[in-house]
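Examining the three-dimensional arrangement
The lines below spell out each chain.
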Amino acid sequence: MDFGFTAEDEAFRAEAREWLAAHADGAPDRRTWERTLGKAGWIGLGWPEPGYGNRTATLTQQVAWAEEYARSPAPPRSGHIGENLLAPTLIAHGTEEQKARFLPPVAAGDELWCQGYSEPDAGSDLAGVRTTAVREPGGTSYRITGQKIWTSLAHEADWCFVLARTEPGSRRHHGLSFLLVPMDQPGRIEVRPIRQMTGTSDFNEVFFDGAHARVEHVVGGEGGGWRVAMSLLGFERGVSTLAQQIGFAEELGRVVRAALASGAVADPVVRERLVRQWAELRTMRWNALRTLGGSADPGASSVAKLLWSGWHQRLGELAMQVRGAAAGVGPADWSDSAPYELDAMQHLFLFSRADTIYGGSDQIQRTIIAERALGLPKEPKG
């Protein structure tokens, strides 16, 4: 396809690269970094509406920013859930009052968000949520009871958008509402970090025990939660995928250098796997460009998820193969305060085990492609 950057895009890219070079190296803690981004207007580039303290940028300029950010030493984002998921949802479904209340703090990096969707018995089956929200007497707020799990960055978040059942006795996708819930409710909200194989705790369990949410903080109206939730899941576009692939390319380069250093590249099977990883990454880039800004294909996002999750998981396995026995040895001795430490390639291997599960498992993605894209009979439900 014909995809290129204009002179204006390249000027925008140069400005982004210069700003990141001046601010990203040695960035402070992630919350302070979000405020630094917000003060310069870099949060909310893709929002269709300006005026919230955010710059506006064309689609190609968003790609340029995302690519430069991925190449820079800037830390991982803490505000991406608010910027890329909540904000587009509010712009599409929120009231003017909701947009005026929540979008400026997101753009400023002042309020961080997490996503309250998955539950212990409703992970990929989102319509099976059991968390309830009951209107209190007087009708000014809801009282929320239930549990969410695999909640990314809940331990840092100020707010959580929660899919909860507001109609007693309702089933499946009926009777659900999309509520905006403040996290600072001691005794009513408990966050328990989940320790992962990598030793980090990016995911959390969240327990709601009578937590409050104001009635005016229901997006899309009571009972409209399923429509809003599905709309939110559609806001992941090619821009973020292209930036992700910059990181993938850097990881692949690291694996290639390790193969050269260990001599594993002399093995023809290893060479074939390295070339295949490179070719598949190029294919993913062209597919992302093809679907940039959204696609009319009903299974496009599921195809993309299958492509990158399997690719990244195979890269982690290849990283261990080229290291040989050295892959089982950490970069530092263990101690009571640091039970184990991982280098970048070990972290890649362990973390990528989850790639085919989170964000919709491979099995769910294949079902979506079969039913919505290919028109095959629906899978029987138990």
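Above this text you will find the structure in question.
Since the model is a prediction, treat every value here as computed from it, not as a measurement.

What counts as what
- Residues numbered from 1 in each chain as written.
- Predicted model: local features only at pLDDT ≥ 70, side-chain atom pairs only at ≥ 80, totals over all residues.
- Heavy atoms only, no water.
- Salt bridge = Lys/Arg side-chain N within 4 Å of Asp/Glu carboxyl O.
- Helix = DSSP H or I, 4+ residues; strand = E, 2+ residues; numbered from the N terminus.
- Buried < 20%, exposed > 50% of the residue type's maximum accessible area, 1.4 Å probe, protein only.
- Core = buried A, V, L, I, M, F, W, Y, C linked by side-chain atoms within 4.5 Å.
- Contact = heavy atoms within 4.5 Å.
- Phe/Tyr/Trp six-rings, centres within 6.5 Å; stacked < 30°, edge-to-face > 60°.
- Lys NZ or Arg CZ within 6 Å of the ring centre and 35° of its normal.
- Axes fitted to C-alpha atoms, helices over the stretch in contact; angles between N-to-C directions.
- Parallel < 35°, antiparallel > 145°, perpendicular 65-115°, else oblique.
- Left-handed = near helix turned anticlockwise from the far one by under 90°.
- Nonpolar A, V, L, I, M, F, W, Y, C, P; charged D, E, K, R; others polar.

1. Description of the pattern of salt bridges
Here the structure, examined in full by the defined rule, presents 24 salt bridges. For glutamate 156, the salt bridge goes to arginine 30, with nearest N and O atoms at 3.2 Å. Pair noted here: glutamate 156 is in the loop between β3 (141–148) and β4 (159–165) and arginine 30 is in helix α2 (residues 30–39), with a separation of 126 residues, a long-range link. For glutamate 156, a relative accessible area of 25% translates into the label partly exposed. For arginine 30, a relative accessible area of 23% corresponds to the partly exposed category. Residue glutamate 317 pairs with arginine 353 through a salt bridge whose shortest N-O separation is 2.9 Å. Here the residue glutamate 317 occupies a position in helix α9 (residues 300–323), and arginine 353 occupies one in the loop between α10 (344–351) and α11 (362–373), the gap between them amounting to 36 residues. In this structure, a network of salt bridges that share partners links the residues Glu10, Arg13, Arg17, Glu67, Glu68, Arg71 and Arg285.

2. Observations regarding the nonpolar core
Side chains that are nonpolar tend, in soluble globular proteins, to be buried together. The biggest cluster of nonpolar side chains holds 26 residues, and the ones touching the most others in it are Trp47, Trp113, Tyr117, Phe161, Phe178 and Leu180. Those elements that place two or more of their residues in this core are α4 (80–93), α5 (96–108), β4, β5 (176–182) and α6 (225–233). Beyond its immediate sequence surroundings of up to four residues, tryptophan 47 is in contact with Tyr52, Asn54, Glu83, Ala87, Ile91, Leu103, Val106 and Ala107. In this structure, Ala258, Ala259, Trp311 and Met345 belong to the second largest nonpolar core, which totals 20 residues.

3. Points about the packing of aromatic side chains
Inspection of every chain in the model, using the stated rule, returns 15 aromatic pairs. Pairwise contacts between aromatic rings join Phe12, Trp19, Trp33, Trp42, Trp65 and Tyr69 into one cluster. Between arginine 55 and the ring centre of tryptophan 42, over which it is positioned, the NZ or CZ distance is 3.7 Å. Over the face of the ring belonging to tryptophan 308 we find lysine 305, whose NZ or CZ atom lies 5.2 Å from the ring centre.

4. Examining the packing of α4 against α5
At a minimum axis distance of 10 Å, the contact between α4 and α5 shows a crossing angle of 160°. For the element pair α4 / α5, the angle class is roughly antiparallel. Here the hand of the crossing between α4 and α5 comes out left-handed. Only Gln98, Lys99, Phe102, Leu103 and Val106 of α5 make contact with α4, whose side of the interface consists of Gly82, Glu83, Ala87, Leu90 and Ile91. Of the residues that constitute the contact of α4 with α5, the class distribution is six nonpolar, two polar and two charged.

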